[in-house]
Amino acid sequence: QDLANTVWAFATAGVAADALYAAVAQAAVRSGLAGFNPQDLANTVWAFATAGVAADALYAAVAQAAVRSGLAGFNPQDLANTV
């Protein structure tokens, strides 16, 4: 949740922080998104998209996690922010 909240805050504030986004994407993918709930996944993807940061490995990992869970726990807003 800390990683998701951090990139969400930077994206919301419009702060460019390419190194931060790269580090968060790498850490999230490396951890297998451990500790990310559906809202964290949605907020993270939203932040990267809003910031215009390409993170193909992260996007793929989030998609796999969402499909693997059968979208369990995703509410309509989470789904909208993820896709």
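Rules of the game
Residues numbered from 1 in each chain as written. Predicted model: local features only at pLDDT ≥ 70, side-chain atom pairs only at ≥ 80, totals over all residues. Heavy atoms only, no water. Helix = DSSP H or I, 4+ residues; strand = E, 2+ residues; numbered from the N terminus. Buried < 20%, exposed > 50% of the residue type's maximum accessible area, 1.4 Å probe, protein only. Lys, Arg positive; Asp, Glu negative; His and termini not counted. Salt bridge = Lys/Arg side-chain N within 4 Å of Asp/Glu carboxyl O. Contact = heavy atoms within 4.5 Å. Axes fitted to C-alpha atoms, helices over the stretch in contact; angles between N-to-C directions. Parallel < 35°, antiparallel > 145°, perpendicular 65-115°, else oblique. Left-handed = near helix turned anticlockwise from the far one by under 90°. pLDDT = per-residue confidence, 0-100.

J.: Quick question: what am I supposed to make of the side chain of Asp 40 here?
T.: Among the structural elements, Asp 40 can be located in helix α3 (residues 38-51). An unpaired buried charge is present at Asp 40: no salt bridge exists, and Arg 68, the closest side chain of opposite charge, is 13 Å distant. Leave out the neighbours within four places in its chain, and Asp 40 touches Gln 1, Ala 4 and Gly 35.

J.: Explain the packing of helix α2 (residues 18-30) against α3 here, please?
T.: Angle between the axes and distance between the axes are the two parameters that describe a pair of packed helices. Relative orientation of the contacting elements α2 and α3 amounts to 150°, with a least axis distance of 12 Å. Relative to α3, the element α2 is oriented roughly antiparallel. In this structure, the crossing between α2 and α3 has a hand that is left-handed. Contacts between α2 and α3 involve Tyr 21, Val 24 and Ala 25 on the former and, on the latter, Ala 47, Phe 48 and Ala 51.

J.: Honestly, the environment of Ala 63 in this entry has me stumped. Any pointers?
T.: Of note, Ala 63 is situated in helix α4 (residues 56-68). Judged by relative accessible area, which is 41%, Ala 63 ranks as partly exposed. Between the C-alpha atom of Ala 63 and that of Val 45, which follows or precedes it by 18 residues, the distance is 9.9 Å.

J.: Can you help me understand unusual backbone geometry in this one?
T.: A negative phi holds for most residues other than glycine; trans holds for most peptide bonds. Although it is not a glycine, Leu 33 adopts a positive phi angle of roughly 60°. When you line up the elements, Leu 33 lands in the loop between α2 and α3.

J.: What is the right way to read the environment of Ala 55 from this model?
T.: Following the sequence through the fold, Ala 55 ends up in the loop between α3 and α4. Note on Ala 55: relative accessible area 8%, which makes it buried. Counting along the chain gives 34 residues from Ala 55 to Tyr 21, while the straight-line C-alpha distance between them is 8.6 Å. With residues near it in sequence (within four places) discarded, Ala 55 still touches Ala 25 and Phe 48.

J.: Hey, could you run me through the confidence of the model for the protein in this one?
T.: Detailed conclusions should not be drawn from predicted coordinates in areas where pLDDT is low. Mean pLDDT for the protein: 90, with 100% of residues reaching 70 or above. Here helix α5 (residues 76-82) is the element of the protein with the lowest mean pLDDT, 77, and α2 is the one with the highest, 96.

J.: Could you clarify how one ought to interpret the environment of Tyr 59 in this entry?
T.: The topology assignment puts Tyr 59 in helix α4. Each C-alpha atom, one on Tyr 59 and one on Leu 41, is 9.5 Å from the other, the two residues being 18 residues apart in sequence. Every residue in contact with Tyr 59, bar those within four places of it in the chain, is listed here: Val 45, Phe 48, Ala 49 and Val 53.

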